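Structural description and commentary
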Amino acid sequence: MGREKRRRVEEPSLESVAQGVFVFRSPKESNDNDDGSVIRRCFHDVDSRLHDVLSKTHVVKNRSIVDFFRKMTTRNALSPLREIPCGVMLTGISNPDNDLIYTNLKQQLTDLTPHVVSLQPQQCQSPKIALDIVEGILKQEYKQNQPIVLVFHDLQNVKAKVLSDVVLSFSEHPKRIPCCFVFGVSSDASILSSLLSKRAVCRIDTRVFEYSPKREILTEVVSTLFMTQTDFKLSYTPLFRLLDNFQQHNLSISMFLRGFKLSMLQHYNAKNSFKDFVNKRVMSKEGLDELRRSDEFRPFVDCFETKEQKVKVLLDDDYLNSLLPKLIHDLRKHEALFHCGVKCLYAIISVIPQDNTPFCKQYAYREGR
C-alpha cells in the first residue's frame, strides 16, 4: 500500500494546454527556478509592454468622451432643453482591435457613473429586446439621478428602427433617467443620418471622436518591440510576413501581436541552448556548436589577432563560454547606439519635403500623409 501511494504521488499530472493537445508535467517542473521561468518572465515583460502601448493610444481619446459626458450631464441638469449627449467613436474596421478600446472606455466611464451597458448588434434585434437587456442590468443597482451610458458596438450592423426607438424612449424621461449614448462606428459618422429618424436626431447632441489610424498604432508597437531594450527580436523574414499580413489582409494590430507572440513561443521552445544560457549563464556543447555554425561567428573569430586565440575560440568550450557575458553586454550597447542613430535619422527625415523622394515615402505613413 505504501509503495502504491508513493507511486501515485510521483506520477506526472495531466494538464490540458489547448484543444486536442495535452502535455505531461511532473511536479518538479512547476518550480519557479526552472529553465522556463526566465523565458516566461521575458514573454510576460514583452506582453505587458505591448498592452501598455495599446492602452495609452486609447486613454486620451476615451478620456475626452468621459469629459464630454460629464460636461453635458452637468449642463443639462440646469437647462430646460435636455438633449441626450452622444459620442460617436470612429474606431476603424478591425473588430478585434476595437474590443480593447471598448474595454478601456468602460473602465474610464465608471468614474462618471457605475451604470454602463454595452449592447452588441445581436442584442438589438428589436427595441423591446434592447430595452429589456438594459432594464435587467440596471434593475438591481440603479440609483436615481445617476446617468446611464449605453454603448452600441458596430452601429452599422444595428437596425435603424431599433436605434431610433431606443433614443426616443430615453428622451421621453430625461429627468427620471438621464442617459448618454456611445455609438461605435468603423467608417464614417454620416451613417447616423441613415440610421436615425429626423425626430431622433433632434434629441441628441453629437460629438465625433476619431481614434488613431491602425498604421500609426502599429508604428508605435513596432517601435516598442524593436527600438527598446527587450530580450527578443524578430529577424527580417518573420517580421516582413507579419507586416505584409497586416497591410494586405486584416489591418489588425491584435493579429500582428498574436503572430509575434507565436514567434516568441516557437523560438524559445526550439532553442534549448538559449534556455541553458539564460538560466545557467553558460551554453551547452550543442549550443556552442550551433553558435559556431552561424554566419555571424566567422567575423567574430577574425577579430582575434593571434592564431592561438582563434583556435581557442573554435575548440575550447570553456573559453568561449567565458566570453559570452561580454559579448551580450557589447551587443546591448551597440543596440542602444543603433536605436539612438535611427531616432536621429528619423528626426532629420521628418523635416525633409516629401515630394517624390523614395526614401522619404517610406516614413510618410508615420505622419498619416
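In this text the structure is predicted, and so the values were computed from the model without any measurement. (Residues numbered from 1 in each chain as written. Predicted model: local features only at pLDDT ≥ 70, side-chain atom pairs only at ≥ 80, totals over all residues. Heavy atoms only, no water.)

**A look at the packing of aromatic side chains**
The condition is simple: Between rings of Phe, Tyr and Trp, where Trp is taken as its six-membered ring, a pair exists when centres lie within 6.5 Å; planes separated by under 30 degrees are stacked, by over 60 edge-to-face, and by other angles tilted. Think of it in three bands: residues with accessible area under 20% of the maximum for their type are buried, residues over 50% are exposed, and the middle band is partly exposed, with areas taken using a 1.4 Å probe on protein chains only. Charge-over-ring contacts are defined here by two conditions on Lys NZ or Arg CZ: a distance within 6 Å of the ring centre and an angle within 35 degrees of the ring normal.
By the definition in use, this model includes 8 aromatic pairs. Plain terms: the ring middles of Phe300 and Phe304 are 5.3 Å apart, the flat faces sit at 85° to each other, and that makes the pair edge-to-face. The exposure classification of Phe300 matches that of Phe304, with both residues buried. Members of the aromatic cluster, each reached through a chain of ring pairs, are Phe152, Phe170, Phe181 and Phe183. Lys312 extends its terminal NZ or CZ atom over the ring of Tyr319, reaching a point 4.7 Å from the ring centre.

**Considerations on the nonpolar core**
To keep it simple, the criterion reads: Nonpolar core, defined: a set of buried Ala, Val, Leu, Ile, Met, Phe, Trp, Tyr and Cys residues in which side-chain atoms within 4.5 Å join the residues together. Each helix is a run of H or I in the DSSP string that is no shorter than four residues. Each strand is a run of E no shorter than two, and both are numbered from the N terminus. Note on contacts: a residue pair qualifies if any of its non-hydrogen atoms lie within 4.5 Å across the two residues.
With 32 residues, the main nonpolar core has Leu150, Phe152, Phe181 and Phe183 as its most contacted residues. Contributing elements (two or more residues each) for this core: β3 (84–90), β4 (116–119), α4 (127–138), β5 (148–152), α5 (160–171), β6 (179–185) and α6 (192–195). Per-element accounting of this core gives the leading share, 6 residues, to α5. Those residues in contact with Leu150, other than ones at most four positions away along the chain, are Val117, Val134, Val166, Phe170, Cys179, Cys180, Phe181 and Val182. Membership of the second largest hydrophobic core comes to 20 residues, among which are Leu54, Phe232, Leu234 and Phe256.

**Some details on the confidence of the model for the chain**
As a reminder of what qualifies: Predictor confidence is given residue by residue as pLDDT, running from a minimum of 0 to a maximum of 100.
On average, residues of the chain carry a pLDDT of 76, and 77% of them reach 70 or more. Across the chain, β5 holds the top mean pLDDT of 92, while strand β1 (residues 13–18) sits lowest at 35. Note that residues 1–34 has pLDDT below 50 and, in this model, 23 contacts with residues that lie over four places away or in other chains. For the stretch residues 359–369, pLDDT sits under 50, and the model shows 21 contacts to residues farther than four places along the chain or on other chains.

**Quick notes on the environment of Val182**
Among the structural elements, Val182 can be located in strand β6. Each residue touching Val182, except ones within four places of it in the same chain, is listed here: Phe69, Gly87, Met89, Leu105, Val149, Leu150, Val151 and Phe152.

**Remarks on the packing of helix α12 (residues 285–292) against helix α15 (residues 317–349)**
Rules: Angles here are taken between N-to-C directions and fall from 0 to 180 degrees, while the axes themselves are lines fitted to C-alpha atoms, restricted in helices to the stretch in contact. Any angle between 65 and 115 degrees counts as roughly perpendicular, while under 35 counts as roughly parallel, over 145 as roughly antiparallel, and the rest as oblique. Think of it as three bins: nonpolar holds Ala, Val, Leu, Ile, Met, Phe, Trp, Tyr, Cys and Pro, charged holds Asp, Glu, Lys and Arg, and polar takes everything else, Gly as well.
Two elements in contact, α12 and α15, have axes separated by 11 Å at closest approach and are oriented at 75°. In terms of their interaxial angle, α12 and α15 are classed as roughly perpendicular. In this structure, α12 uses Lys285, Leu288, Leu291 and Arg292 to contact α15, whose residues at the interface are Asp317, Leu320, Asn321 and Leu324. Tallied by class, residues from the contact of α12 with α15 come to 4 nonpolar, 1 polar and 3 charged.

**Looking at the sheet that holds β4**
Just so we agree on the cut-off: Only when DSSP finds a minimum of two bridges between them are two strands counted as paired.
One open sheet holds the 5 strands; their spatial order is β4-β5-β6-β3-β7, and the pairing between them is parallel. Either end of the sheet is taken by a strand with one partner, and the two such strands are β4 and β7 (204–210). With strand direction ignored, the average angle separating the axes of adjacent strands in the sheet is 20°. Of the strand pairs in this sheet, β4 and β5 are connected by 4 bridges, and their pairing is parallel. What sits directly across from Ser118, in β5, is Val151. On the sheet, α4 packs against β4 and β5 and is oriented at approximately 150° with respect to β4.

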